[in-house]
Number of protein chains: 2
Amino acid sequence: MLVYTTMKNFQPSPHTTLKRLPERGSFDRDTVNAILDEAFICHVGFAVDGQPFVIPTSYARVGDQLFIHGSAASRMLRSLSKGIPVCVTVTLVDGLVLARSAFHHSINYRSVVILGMAKPLTDEREKMAALHAFMEHIVPGRWGEVRQPDEQELKKTTVLSLPLTEVSAKVRTGPPKDDEADHALPVWSGELPLHVLAGMPLADAHTPASQQVPEYILRYDRRKK
Amino acid sequence: MLVYTTMKNFQPSPHTTLKRLPERGSFDRDTVNAILDEAFICHVGFAVDGQPFVIPTSYARVGDQLFIHGSAASRMLRSLSKGIPVCVTVTLVDGLVLARSAFHHSINYRSVVILGMAKPLTDEREKMAALHAFMEHIVPGRWGEVRQPDEQELKKTTVLSLPLTEVSAKVRTGPPKDDEADHALPVWSGELPLHVLAGMPLADAHTPASQQVPEYILRYDRRKK
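From a predicted model like this one, the values you see are computed outputs, not experimental measurements. (Residues numbered from 1 in each chain as written. Chains lettered and ligands numbered in written order. Predicted model: local features only at pLDDT ≥ 70, side-chain atom pairs only at ≥ 80, totals over all residues. Heavy atoms only, no water.)

### A word on the side chain of Ser168 of chain B
- Position of Ser168 of chain B among the secondary structure elements: in strand 9 (residues 166-172).
- Beyond its immediate stretch of four places on either side in the chain, Ser168 of chain B contacts Thr16, Ser26, Phe27, Ser111, Val112 and Val113 of chain B. (Helix = DSSP H or I, 4+ residues; strand = E, 2+ residues; numbered from the N terminus. Contact = heavy atoms within 4.5 Å.)

Printed below as a string of structure tokens:
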């Protein structure tokens, strides 16, 4: 019997070990999962004939898997389906770090880098479950309200699964770290937090005025998760 | 005499020509520049021994050049300095597109993909000018207030320049595109705009209470540019 155990932390690999500023690195699973669950856009990197490409796309995490999806006709998904090395990076920008010296300016951020190979889901029930998880990740509460994918739509959609095994997080928080000699300079220094906030929902032309905006849209906030 | 002419638009290449949804693609220089000037984080993709990496970093555009920078000790900058193929992608997420069918959900976004090879700046004045442009791009108004880089700091900083030649933009805007058969479904549908907004500036421990927060920080808004 195969007993599958999720380790608390990821194991560092030569590719995910930080050589500089190691204090910013983390292999802690909770740190990684919190970043992956707050964001919903990743940047997918892969090379074709030696030329790297970086493509933004949405994703969802379910347990130890990261799902990305798209049209079965997509070049990116067809390339990745062949089982080539991929790097998926997720970045949250938390604010500007404003120092007294130009040199010590920085950015507060949280990022996750995932290396591995992705595999297409072939089982229709698995694909449907992944698409459900996708919507639950990006717009929690909506799946039950909308028309779910029919057979044709499922066929037109490729879902790739990337195992979360070679994974690392990098986090910078807190104030600038100026040289002591600069501390007395009369320059306002500190942090300027940046947030992603939802604006006013904008109904489309086919939504009657009597149709109430759902609570999960009115209260949409990635930071609550 | 070399006369340098900036063409209005970028020329499509086999790598930057969209095969699917070509209506989302653009080679228009103004579209590209507007995206590059609103964002300040890019994702840099490159391969080392066949393994792709995607690293988030800040950037600035000056004319037909994109600058990235960092510690001279950075693995990414040392790899790129060798003149290997790179892909730099910039993404702005403008909102969620909420359709009546799961299948037609989407995201409104603007992205730019730049392919090419980066070169380190070697001239100290060029490096200084690039760092000035960097700060002017990320925090306009601040460069003149802060202590500028000294010789040591300049030496410790690598600045790479990537020419904007093989470049394309991709943009999705507007409401969902549901199947007509779904239009009568009683599901609120439309767009939920997302914005990056600055929070309250947080002074660090060395900033006296008497030090006023500069206007350019109080009014910080990427969208104004």
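### Regarding the confidence of the model for chain A
Residue and element names in this part refer to chain A.
- Averaged over all residues, the pLDDT of chain A equals 92, while 94% of them reach at least 70.
- Every residue in residues 1-6 scores below 50 in pLDDT, and together they form 3 contacts with partners more than four places removed in sequence or on other chains.
- Scored by ipTM, the complex comes to 0.92, with pTM at 0.93. (pLDDT = per-residue confidence, 0-100.)

### Structural notes on unusual backbone geometry
Residues and elements named next belong to chain A.
- Phi at Asp49 is positive, roughly 55°, even though this residue is not glycine.
- Secondary-structure assignment places Asp49 in the loop between strand 2 (41-48) and strand 3 (51-62).
- The class for Asp49 is exposed, based on a relative accessible area of 81%. (Buried < 20%, exposed > 50% of the residue type's maximum accessible area, 1.4 Å probe, protein only.)

### Description of the relation of the copies chain A and chain B
- Rotating chain A by 180° and moving it 0.0 Å along the rotation axis overlays it on chain B with an RMSD of 0.0 Å. Taken together, the rotation and translation relating the two chain copies correspond to the operation of a two-fold axis. The position closest to the rotation axis in chain A is occupied by the C-alpha of Val196 of chain A, lying 2.2 Å away. (Least-squares fit on C-alpha atoms with pLDDT ≥ 70 in both.)

### Some points on helix 3 (residues 124-138) of chain B
- In a regular helix each residue adds 1.5 Å, so 15 residues correspond to 21 Å; helix 3 of chain B covers 21 Å between its end C-alpha atoms and thus fits that length.
- Listed in full, the buried residues belonging to helix 3 of chain B are Lys127, Ala130, Leu131, Ala133, Phe134, Met135, His137 and Ile138 of chain B.
- Packing partners of the buried residues in helix 3 of chain B comprise strand 5 (85-98) of chain A together with helix 1 (29-38), strand 3 (51-62), strand 4 (65-71), helix 4 (151-156) and strand 8 (157-163) of chain B. (Expected span 1.5 Å × (residues − 1).)

### Let's talk about the side chain of Thr91 of chain A
- Summarising the element assignment, Thr91 of chain A is placed in strand 5.
- A polar side-chain atom of Thr91 of chain A sits 2.7 Å from a polar atom in the side chain of His43 of chain B.
- Discounting chain neighbours no more than four positions away, the residues touching Thr91 of chain A are Arg110 and Ser111 of chain A together with His43 and Pro56 of chain B. (Polar contact = N/O pair within 3.5 Å; in protein donor to acceptor, adjacent residues only side chain to side chain.)

### Considering the environment of Ser81 of chain A
Residues and elements named next belong to chain A.
- Note on placement: Ser81 falls in helix 2 (residues 75-81).
- Taking relative accessible area as the criterion, Ser81 reaches 30% and is therefore assigned partly exposed.
- Dropping the residues within four chain positions of it, Ser81 is found in contact with Pro120, Thr158 and Leu160.

### Side note on the environment of Ile68 of chain B
- If you trace the backbone, Ile68 of chain B turns up in strand 4.
- Its relative accessible area of 5% is what places Ile68 of chain B among the buried residues.

### A closer look at the pattern of salt bridges
Residues and elements named next belong to chain A.
- According to the stated counting rule, one finds 24 salt bridges over all chains in the structure shown.
- Arg125 is the partner of Asp123 in a salt bridge, and the nearest nitrogen-oxygen pair spans 3.9 Å.
- The exposure class of Arg125 is exposed, given its relative accessible area of 69%. (Salt bridge = Lys/Arg side-chain N within 4 Å of Asp/Glu carboxyl O.)

### A look at the pairing of strand 10 (residues 190-198) of chain A
- Where strand 5 of chain A and strand 10 of chain A come together, 4 bridges link them in antiparallel fashion. Residue pairing across strands places Gly95 of chain A opposite Pro193 of chain A, the latter belonging to strand 10 of chain A.
- In the sheet, strand 10 of chain A pairs with strand 11 (residues 202-203) of chain B via 2 bridges, with the strands oriented antiparallel. Pairing of Gly190 of chain A across the sheet is with Ala203 of chain B, part of strand 11 of chain B. (Pairing = 2+ DSSP bridges.)

### Some thoughts on the interface of chain A and chain B
- On the chain B side, the residues contacting the 88 residues of chain A number 88 residues.
- Summing both sides of the interface, chain A and chain B together bury roughly 7300 Å²; the carbon and sulfur share of this comes to 65%.
- On the surface where chain A and chain B come into contact, there are 6 salt bridges.
- One salt bridge in this structure joins Asp179 of chain A and Arg147 of chain B, with 3.5 Å as the shortest N-O distance.
- At the junction of chain A and chain B, the tally comes to 37 residue pairs in polar contact (both at pLDDT 80 or more). (Buried area = accessible area lost by both parts, 1.4 Å probe.)

### Remarks on the pairing of strand 6 (residues 106-117) of chain B
All names here are of chain B.
- With 9 of its 12 residues buried, strand 6 lies for the most part within the structure.
- Across 12 bridges, the pairing between strand 5 (residues 85-98) and strand 6 is antiparallel. Following the sheet pairing, Leu96 is matched in strand 6 by Ile107.
- Sheet analysis places strand 6 next to strand 9, joined by 7 bridges and oriented antiparallel. Among the inter-strand pairings, Arg110 is bridged to a residue of strand 9, identified as Val171.

### Considering the state of the cysteines
Residues and elements named next belong to chain A.
- Tallied over the entire structure, the rule returns 0 disulfides over all chains.
- Distance from the sulfur of Cys87, which forms no disulfide, to the nearest cysteine sulfur (Cys42) is 10 Å.
- Cys87 gets classed as buried once you look at its relative accessible area, which sits at 0%. (Disulfide = S-S within 2.5 Å.)

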